[in-house]
Amino acid sequence: MKNYITTAELERLGVCNFTEATMQSLIAQSEIKPMVNQIEYHPPLLQQPELKQYLDAQGIQAEAWSPPLGGTGGNLMQNPIIGDIALKHHKSPAQVLIRWDLQNSYVTIPKSVHPEYIQANADVFDFELDSDDLCQLKALDQHLRTSYWLTTFDWYTGNEQ
């Protein structure tokens, strides 16, 4: 990556699964600050508010990967609180989770190969989660990661594991 930056072949940079420490290390050694950090973000499992606050302060956009985490990715859409909020708004649990991302200023790119789900995933702009909904979803955070966290880069100077 350093070679691309120094030869001006790289104008924009996005990263994935960077913690605050790995991001600080990258920024300290790079001429180009990342524009996006794609991170794990799910209301009932892992919300990472401190990382989001750091990214916002740095002007780096947070992107949620696998936002609804349904299908083969997990069972978040079976959560009864998410289900109750979905019923309240006449939406699906996936739509509630996508709306959660949007209202928390995350870029969200839900994945589906089914045309009906793709269309439903885009139908999230005709409702908003209210403060009670947001509080209930925030309270679900289990600080549980579903993927490993990368800190083994040859340029990384921290000791985080």
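The coordinates are above.
Residues numbered from 1 in each chain as written. Predicted model: local features only at pLDDT ≥ 70, side-chain atom pairs only at ≥ 80, totals over all residues. Heavy atoms only, no water.

**Description of the pairing of strand β3 (residues 61–65)**
With four of five residues buried, β3 lies mostly within the body of the structure. Sheet analysis places β3 next to strand β4 (residues 107–108), joined by two bridges and oriented parallel. Of the residues in β4, the one forming a bridge with E63 is V107. (Buried < 20%, exposed > 50% of the residue type's maximum accessible area, 1.4 Å probe, protein only. Helix = DSSP H or I, 4+ residues; strand = E, 2+ residues; numbered from the N terminus. Pairing = 2+ DSSP bridges.)

**As for the sheet that holds strand β2 (residues 36–40)**
Strands sit in the order β1-β2-β3-β4 across an open sheet of four strands; the sheet is parallel. One side of each edge strand has no neighbouring strand; the edge strands of this open sheet are β1 (14–16) and β4. Pairing analysis gives three bridges linking β1 to β2, with the strands arranged parallel. Paired with C16 across the two strands is Q38, which belongs to β2.

**Re the packing of helix α2 (residues 20–29) against helix α3 (residues 49–58)**
For the pair α2 and α3, the least separation of the axes is 10 Å and the interaxial angle reads 25°. One finds that α2 runs roughly parallel with respect to α3. In this structure, α2 uses E20, M23, Q24 and I27 to contact α3, whose residues at the interface are E50, L51, Y54, L55 and Q58. Residues belonging to the contact of α2 with α3 are distributed by class as follows: five nonpolar, two polar and two charged. (Axes fitted to C-alpha atoms, helices over the stretch in contact; angles between N-to-C directions. Parallel < 35°, antiparallel > 145°, perpendicular 65-115°, else oblique. Contact = heavy atoms within 4.5 Å. Nonpolar A, V, L, I, M, F, W, Y, C, P; charged D, E, K, R; others polar.)

**Quick notes on the nonpolar core**
Within the largest apolar cluster, 29 residues are counted, with the highest numbers of intra-cluster contacts made by M23, L55, V96, L129 and L137. Those elements that provide at least two residues to this core are α2, α3, β3, α4 (80–89) and α5 (93–103). For this core, the leading source of residues is α5, giving four residues. (Core = buried A, V, L, I, M, F, W, Y, C linked by side-chain atoms within 4.5 Å.)

**Considerations on the packing of α4 against α5**
Between α4 and α5, whose axes approach to 8 Å, the crossing angle comes to 95°. In terms of orientation, α4 and α5 fall into the roughly perpendicular class. Between α4 and α5, the contacting residues are I82, I85 and A86 on the first element and P93, V96 and L97 on the second. Looking at the contact of α4 with α5, its residues break down into six nonpolar, no polar and no charged.

**Concerning α4**
Among all positions in α4, only I82, G83, I85, A86 and H89 are buried. The buried residues of α4 all sit within an arc of 165° when viewed along its axis, so they share a single face. With respect to the buried face of α4, the exposed residues turned more than 90 degrees away are P80, D84 and L87. Where α4 is buried, its residues meet α5 and α7 (131–138). The backbone nitrogen of I81 lies 2.8 Å from a side-chain oxygen of the residue at the head of α4, namely N79. Note on α4: the residue one or two positions beyond its end, H90, has a positive phi of about 60°. (Arc of directions from axis to C-beta. Polar contact = N/O pair within 3.5 Å; in protein donor to acceptor, adjacent residues only side chain to side chain.)

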